[in-house]
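Descriptive analysis of the structure
Next come the chains, spelled out residue by residue.
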Amino acid sequence: DPRQEAQLDSLETQFAVERATLEAHMRRDNAALAAAIAREHDDGPAVAAAVDRAHRTMGAIQKATLAHVFAMRRLLRPDQTAAFDRLVVRALTPAS
């Protein structure tokens, strides 16, 4: 379905920009953590604050990714959703 393909492509383009922004924030947070470690050489208040910032960014990345996944799912036909759901679950489940 060309219309569906175009809509999915548009979502992918939008998410690529959002993901790149969030990944840049994560790099900034990691650099701040490294600087705090270099200053404190221990699990001090600056290290703890930097870890908290990094965790917030990681959470934002995960939430944005899930929002993207669900936005894609809403564009699928009913006959496509079961296979999509299996792929999502498989991607989130560790291999044993």
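Parameters at a glance
Residues numbered from 1 in each chain as written. Predicted model: local features only at pLDDT ≥ 70, side-chain atom pairs only at ≥ 80, totals over all residues. Heavy atoms only, no water. Patch = residues over 30% accessible without salt bridge, like charges linked within 9 Å, V, L, I, M, F, W, Y side chains within 5 Å. Areas by Shrake-Rupley, 256 points an atom, 1.4 Å probe, with all protein chains shown as cover. Salt bridge = Lys/Arg side-chain N within 4 Å of Asp/Glu carboxyl O. Lys, Arg positive; Asp, Glu negative; His and termini not counted. Charge placed at Lys NZ, Arg CZ, Asp CG, Glu CD. Helix = DSSP H or I, 4+ residues; strand = E, 2+ residues; numbered from the N terminus. Buried < 20%, exposed > 50% of the residue type's maximum accessible area, 1.4 Å probe, protein only. Contact = heavy atoms within 4.5 Å. Core = buried A, V, L, I, M, F, W, Y, C linked by side-chain atoms within 4.5 Å.

Here we take up a negative patch on the surface. Taken together, the side chains of Asp1, Glu5, Asp9 and Glu12 make up a negatively charged region of the molecular surface. Relative to the helices and strands, Asp1 is located in the segment before α1 (2-40).

A few words now on the side chain of Thr81. Within the element layout of this structure, Thr81 appears in helix α3 (residues 78-92). Residue class for Thr81 comes out buried when judged on its relative accessible area of 15%. Residues within four places of Thr81 in sequence aside, it is in contact with Arg73 and Leu76.

What follows deals with the nonpolar core. Residues Leu8, Leu11, Val69, Ala71, Met72, Leu76 and Phe84 constitute the largest nonpolar core, which totals seven residues. Breaking this core down by element, the ones donating at least two residues are α1 and α2 (45-75). It is α2 that provides the largest number of residues to this core, a total of three residues. Setting aside residues up to four positions removed in sequence, Val69 forms contacts with Phe84 and Val88.

Attention shifts here to the environment of Leu8. Position of Leu8 among the secondary structure elements: in helix α1. Look at Leu8 and you get buried, because its relative accessible area is 17%. When the C-alpha atoms of Leu8 and Ile37 are compared, they prove to be 42 Å apart, with 29 residues separating the residues in sequence.

This brings us to a nonpolar patch on the surface. On the surface, Leu66, Phe70 and Leu92 cluster together into a nonpolar patch covering about 310 Å² of accessible area. As for its position among the elements, Phe70 is in helix α2.

Let's shift gears to the pattern of salt bridges. Any two side chains of opposite charge can pair, on the condition that their charged atoms come close. Evaluation of the coordinates by the stated rule reveals four salt bridges. With its nearest N and O atoms 3.8 Å apart, the salt bridge here joins Arg19 to Glu23. Separated by four residues within a single helix, Arg19 and Glu23 lie in helix α1, roughly one turn from each other. Judged by its relative accessible area of 36%, Arg19 falls in the partly exposed class. For Glu23, a relative accessible area of 36% puts it in the partly exposed group. Between Arg77 and Asp79 there is a salt bridge; the shortest N-O distance is 3.0 Å. The class for Arg77 is partly exposed, based on a relative accessible area of 36%.

What is shown is where atoms sit, not what they do.
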